Amino acid sequence: PGSEKSSCDLMLFGPAIALLHSVPRAPRTPGAALTASILGLADVSYRSVLYDFSQPDQLEEWERIDDVIMGGVSSSRLVVDGSSALFEGRLRSDGGGFCGQRMRLLAEPLDLSAADGVFVDCEALSVGAEPSKRVWKMAIRTKQDRGEVVYQAAFKPPTGGRATVNLPFDAFRLVRGPRLVPGVPPLSAAQTNETYQISLVVSKFEVSETGAALPGFEEGLFAMRLHELGTFSTRPPPFSRSMPRALSEREQAKAAPPLLRLLRPLLGLVFGEPTRRRRAATRLLEARGSSRLQRARLGGAWRAAAGGPLVAARKTAALGLKDAGGFALSLPVRLLFKLIVWSSKMVKTIIRALTLLAEERKEGGPAANAASA
């Protein structure tokens, strides 16, 4: 529901909106696009804009991809702000540590192979921690799926003024989640002939084989002003590029595996974002020493302040029924998960025992002597 989402946005970002919108826009200076190129490319002659963030309708082709998908409580949004867009939100380490905005998955691939790389015309704003206390990344997806394996490159956004960051394709490395996939060469221009998605991410995780957190990472508010995103090349493009349409939510849901489609209502009930956020808030209050009764009173007071005693009683009862129903329905899933974990441990133990036995026999140890006797 639109009104409910707007209320949520105001709760999340209201205290920072005035500060964000008060930051003056820096004028576009001649040569800024080249001086901000992080890799020193001195001959970027041709640019092709894929997204002009001054156009409100183009923002509808983007969606958020925050750490709520893995149990986190970070949140972000992409909103129009005059002649640009703001990628803004709040990073939290609890359960995750990243926020992102991405193109909706395309129905047909976008051919970028005639270009040398991608660019983003942007500016990191002085909101929350310094931009250098976070890891800023761009990702390119070359398969029509929603998995965690993508090509990713880190970059340093400009501060103190609008400028363009150029990222050559060979700066992108294959990652699974926050970790590099070892032994895979960098992205090549030829591989981008089937590009299905481009993402912008701010994270606590560096692009590395260990997926370690950035030393000195600070959670909290962040904001980046976006103007344009596209491709660059040192030679003129051989053809004009048109953006394929994005898959609808119905098409994406239909493409999901049958088992996931069957379990989606249950997973949403048990692991949905509102449920995870309430659990995170509960953990925070528990850490502060509040009792179950105190938490119930606090929740009731908030709901009563928003809609009165009757509304508070109705919402409290609905939440209680939802939690009870979710717990009951999730029991088979929890038991199955425990069985899978237990079976996996047993298999590993058996394999380890058989390996030791084989080594002892090979070396003529006690096991071999016992067997020969």
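Draft legend 1. Quick peek at the overall build of the chain. A tally of helices and strands in the chain yields nine helices and 13 strands. Evaluated residue by residue, the chain yields a buried proportion of 38% over its 373 residues. For the chain, the accessible area works out to roughly 20900 Å², and carbon and sulfur atoms hold 60% of it.

Draft legend 2. Expanded view of the side chain of Gln152. Here Gln152 is to be found in strand S8 (residues 149–155). A distance of 3.4 Å separates the side chain of Gln152 from the side chain of Lys137, its partner in a polar contact.

Draft legend 3. Examining the packing of aromatic side chains more closely. Across all of its chains, the model carries five aromatic pairs by this definition. Site record: aromatic cluster; members linked through ring pairs are Tyr51, Phe53 and Trp62. A cation over a ring is seen here: Arg47 above Phe119, with NZ or CZ 5.4 Å from the ring centre.

Draft legend 4. Highlighting a nonpolar patch on the surface. A cluster of nonpolar residues, Leu336, Leu339, Ile340, Trp342, Met346, Ile350, Leu354 and Leu357, forms a patch on the protein surface that exposes about 780 Å² of accessible area. With respect to the secondary-structure elements, Ile350 resides in helix H8 (residues 309–363). For Ile350, a relative accessible area of 46% corresponds to the partly exposed category.

Draft legend 5. Region of interest: the pattern of salt bridges. With the rule as written, the count across this model stands at eleven salt bridges. Between Asp66 and Arg64 there is a salt bridge, and its shortest N-O distance comes to 2.6 Å. According to the relative accessible area criterion, Arg64 is partly exposed, its value standing at 33%. A network of salt bridges, in which partner residues are shared, links Glu63, Arg102, Arg104 and Arg146.

Draft legend 6. How the structure looks around the sheet that holds strand S12 (residues 197–203). The antiparallel open sheet is built from seven strands, whose spatial order is S2-S5-S12-S7-S8-S10-S11. Only two strands of the sheet have a single partner each, and these edge strands are strand S2 (62–64) and strand S11 (179–180). As paired strands, S8 and strand S10 (residues 173–176) are joined by four bridges and run antiparallel to one another. Among the inter-strand pairings, Val150 is bridged to a residue of S10, identified as Val175.

Draft legend 7. Geometry of the pairing of strand S9 (residues 163–168). The buried count for S9 comes to six of six residues, which makes it a mostly enclosed element. Here S9 shows a buried face lined by Ala163, Val165 and Leu167 and a second buried face lined by Thr164, Asn166 and Pro168. Across six bridges, the pairing between strand S6 (residues 117–124) and S9 is antiparallel. Looking at S9, one finds that Val118 is bridged to Leu167.

Conventions used here
- Residues numbered from 1 in each chain as written.
- Predicted model: local features only at pLDDT ≥ 70, side-chain atom pairs only at ≥ 80, totals over all residues.
- Heavy atoms only, no water.
- Helix = DSSP H or I, 4+ residues; strand = E, 2+ residues; numbered from the N terminus.
- Buried < 20%, exposed > 50% of the residue type's maximum accessible area, 1.4 Å probe, protein only.
- Areas by Shrake-Rupley, 256 points an atom, 1.4 Å probe, with all protein chains shown as cover.
- Polar contact = N/O pair within 3.5 Å; in protein donor to acceptor, adjacent residues only side chain to side chain.
- Phe/Tyr/Trp six-rings, centres within 6.5 Å; stacked < 30°, edge-to-face > 60°.
- Lys NZ or Arg CZ within 6 Å of the ring centre and 35° of its normal.
- Patch = residues over 30% accessible without salt bridge, like charges linked within 9 Å, V, L, I, M, F, W, Y side chains within 5 Å.
- Salt bridge = Lys/Arg side-chain N within 4 Å of Asp/Glu carboxyl O.
- Pairing = 2+ DSSP bridges.

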